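In case you want the letters, here they are:
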Amino acid sequence: MPELPEVETIKNELAPVVGRRISGVDLLWERMLHQPSPAEFQSRIADRCITGISRRGKYLIFSLDSGDSLIIHLKMTGSLLLGRGSPPEYTRAIIHLDDGSSIFFRDPRKFGKIQLVADRDSVIGELGPEPLEEGFTPEVFTRGLQKRKAPLKAVLLDQGFIAGIGNMYADEALFRAGIHPLRLANSLSDAEVRRLHRAIRGVLLAAIDSKGASVNTYYRPSGEKGSAHTGFNVAHRRGEYCPVCGTGIERILIRQRGSYYCPKCQLEKR
DNA sequence: CCCGGAACCTGAAGGC
DNA sequence: TGCCTTCAGGTTCCGG
């Protein structure tokens, strides 16, 4: 599933399309377009030039020379493939570029969303801090956590609290910090908060180095997979054993999300 | 504010 | 082998 490291990788590897002009877009599954209407979308995007690509949380943002932003969310099974010729299976939208290449939005589950907006903050304005940017300091993290009494795992998945972390990296960060996912956010000691802060950044940076984790249907724009999942300690390792202590990895549901952890390395305290 | 649950989807995996 | 059920999860929305 595309989370921050996967979307960051896609953003980096789509760099070749910056400067290209969009000759047209085929919407093969119209409900993927969130706004505006299909007709307005087509007229506003045709012949626009892509002036930049950025990422905010799990959103990918194409800046256009019109001032509009084309914002894509890959949700769980989406990927953007750069290619030529016929689209791969499960392609839901095709962005045609003026050099004859295309960006294929492949998404078996049809959860992905496309929107074209003049004001990008109307989409990404409510997101929490970027965990890899300067503004995400241990102090900011501490203040935020103190306001929340929900299970830590649930808070880390809240995009308004911190942007870009999904199920896999929340589990990995909690493991690295040695903290149980059910611990209440406002119950952490200063040392634990600092450990978790470091763990979040470490886990995300390592995953970006590995070009993301291909646990499911994630592919890089080249069609290659990422390898971050080979370094996972607990995420998606049901039935396996903790690489540190050998204890069986457990899975519990927290807010309907499968949460993997080591019951020995991540002792429940209070 | 906080929480749970449904909805959106379909391939994969498990049960019988 | 094959049908049927359940599971997976990011976000949004609704109700308590």
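Residues numbered from 1 in each chain as written. Chains lettered and ligands numbered in written order. Predicted model: local features only at pLDDT ≥ 70, side-chain atom pairs only at ≥ 80, totals over all residues. Heavy atoms only, no water.

Q: I'm lost on the sheet that holds strand 2 (residues 33–35) in this one. Help?
A: Sheets are built from strands paired through backbone hydrogen bonds, the pairs being either parallel or antiparallel. Within the open sheet, the five strands sit side by side as 2-9-5-4-3. Their pairing is mixed. With partners counted over all chains shown, the strands left at the sheet margins are strand 2 and strand 3 (50–56), one partner each. Strand-to-strand, the axes of this sheet are offset by a mean angle of 20°, without reference to chain direction. Two strands pair when backbone bridges link them, and strand 3 and strand 4 (residues 59–64) are joined in this way by six bridges, in the antiparallel orientation. Counted as the bridge partner of I53 is F62 from strand 4. Against the sheet, helix 1 (residues 4–13) touches strand 3 and strand 4, its axis set at about 165° to strand 3. In this fold helix 2 (residues 38–45) packs onto strand 2, strand 4, strand 5 (69–73) and strand 9 (113–117), with an angle of close to 65° to the strand it touches most, strand 9. (Pairing = 2+ DSSP bridges. Helix = DSSP H or I, 4+ residues; strand = E, 2+ residues; numbered from the N terminus. Axes fitted to C-alpha atoms, helices over the stretch in contact; angles between N-to-C directions. Contact = heavy atoms within 4.5 Å.)

Q: How should the protein's contact with DNA strand C be read in this particular structure?
A: Taken together, 16 residues surround DNA strand C, and among them H73, M76, R109, R238 and R251 come closest. The sugar-phosphate share of atoms of DNA strand C within 4 Å of the protein amounts to 58%. Here a phosphate oxygen of DNA strand C sits 2.6 Å away from a polar atom, N or O, in the side chain of H73. At 2.8 Å, a side-chain N or O of R257 approaches a phosphate oxygen of DNA strand C. (Near = heavy atom within 4 Å. Polar contact = N/O pair within 3.5 Å; in protein donor to acceptor, adjacent residues only side chain to side chain.)

Q: What should I look at first to understand the pattern of salt bridges in this one?
A: Two side chains carrying opposite charge are able to pair once their charged atoms lie near each other. Enumeration over the complete set of coordinates arrives at 17 salt bridges. Between R220 and E13 there is a salt bridge whose closest N-O contact spans 3.0 Å. Note that R220 is positioned in the loop between helix 7 (190–209) and strand 10 (250–254) and E13 in helix 1, a separation of 207 residues in sequence. A salt bridge links R44 to D68; the shortest N-O distance between them is 3.0 Å. (Salt bridge = Lys/Arg side-chain N within 4 Å of Asp/Glu carboxyl O.)

Q: Sorry, what's going on with the protein's contact with DNA strand B here?
A: Around DNA strand B, the structure places W29, R31, Y90, P108, R109, K110, F111, K147, R148, A150, R255 and Q256. Of everything in DNA strand B that lies within 4 Å of the protein, sugar and phosphate atoms constitute 68%. At 2.9 Å, a side-chain N or O of R31 approaches a phosphate oxygen of DNA strand B. Interatomic distance of 3.0 Å between a backbone N/O atom of K147 and a phosphate oxygen of DNA strand B. Its residues assigned to classes, the surface near DNA strand B comprises five nonpolar, one polar and six charged. (Nonpolar A, V, L, I, M, F, W, Y, C, P; charged D, E, K, R; others polar.)

Q: Any chance you could explain the environment of L64 here in plain terms?
A: Within the element layout of this structure, L64 appears in strand 4. Considering only alpha carbons, one finds L64 and R21, 43 residues apart in sequence, at a separation of 9.1 Å. Look past the residues within four positions of L64 in its chain and what remains in contact with it is I22, I45, R48, C49, I50, T51 and L116.

Q: Looking at this structure, how should I read the packing of helix 6 (residues 167–177) against helix 7?
A: A packed helix pair is summarised by two numbers, namely the angle formed by the two axes and the spacing between the axes. With their axes 8 Å apart at the nearest point, helix 6 and helix 7 run at an angle of 130° to one another. Looking at the two axes, helix 6 sits oblique to helix 7. In this structure, helix 6 crosses over helix 7, and the sense of that crossing is right-handed. Together, Y169, E172, A173, L174, R176 and A177 of helix 6 and R195, L196, A199, I200, G202, V203, L204, A206 and A207 of helix 7 make up the contact between the two elements. A per-class count over the contact of helix 6 with helix 7 returns 11 nonpolar, one polar and three charged. (Parallel < 35°, antiparallel > 145°, perpendicular 65-115°, else oblique. Left-handed = near helix turned anticlockwise from the far one by under 90°.)

Q: How should I be thinking about the packing of aromatic side chains in this particular structure?
A: By convention here, two paired aromatic rings are described through the distance between centres and the angle between planes. Considering all chains together, one arrives at three aromatic pairs under this definition. A centroid spacing of 6.2 Å and a plane angle of 50° characterise the contact between F141 and F161, whose relative ring orientation is tilted. Residue F141 is located in helix 4 (residues 138–146), and its partner F161 is located in the loop between helix 5 (152–157) and helix 6; the two are separated by 20 residues in the primary sequence. Over the ring of W29 we find K110, and its NZ or CZ is 3.4 Å from the ring centre. (Phe/Tyr/Trp six-rings, centres within 6.5 Å; stacked < 30°, edge-to-face > 60°. Lys NZ or Arg CZ within 6 Å of the ring centre and 35° of its normal.)

Q: Is there a simple way to think about the side chain of S259 in this case?
A: Its location among the elements puts S259 in strand 11 (residues 257–261). Taking relative accessible area as the criterion, S259 reaches 0% and is therefore assigned buried. There is a polar contact of 2.6 Å between the side chain of S259 and the side chain of K153. Not counting chain neighbours up to four residues away, the residues in contact with S259 comprise K153, D171, E250, R251, I252 and I254. (Buried < 20%, exposed > 50% of the residue type's maximum accessible area, 1.4 Å probe, protein only.)

Q: I tried to follow the nonpolar core on my own but got confused; where do I start?
A: Nonpolar side chains tend to gather and get buried jointly when the protein is soluble and globular. Counting residues in each nonpolar core, the largest one holds 33 residues, and the members touching the most others are F141, L145, L152, Y169, L196 and I200. Looking at this core, the elements that each hand over two or more residues are helix 4, helix 5, helix 6 and helix 7. The biggest single contributor to this core is helix 7, with eight residues. Not counting chain neighbours up to four residues away, the residues in contact with Y169 comprise E3, P5, E6, V203, L204, A207, G212, A213, A228 and F232. Counting 28 residues, the second largest nonpolar core, distinct from the first, contains V17, L27, L64 and I103. (Core = buried A, V, L, I, M, F, W, Y, C linked by side-chain atoms within 4.5 Å.)

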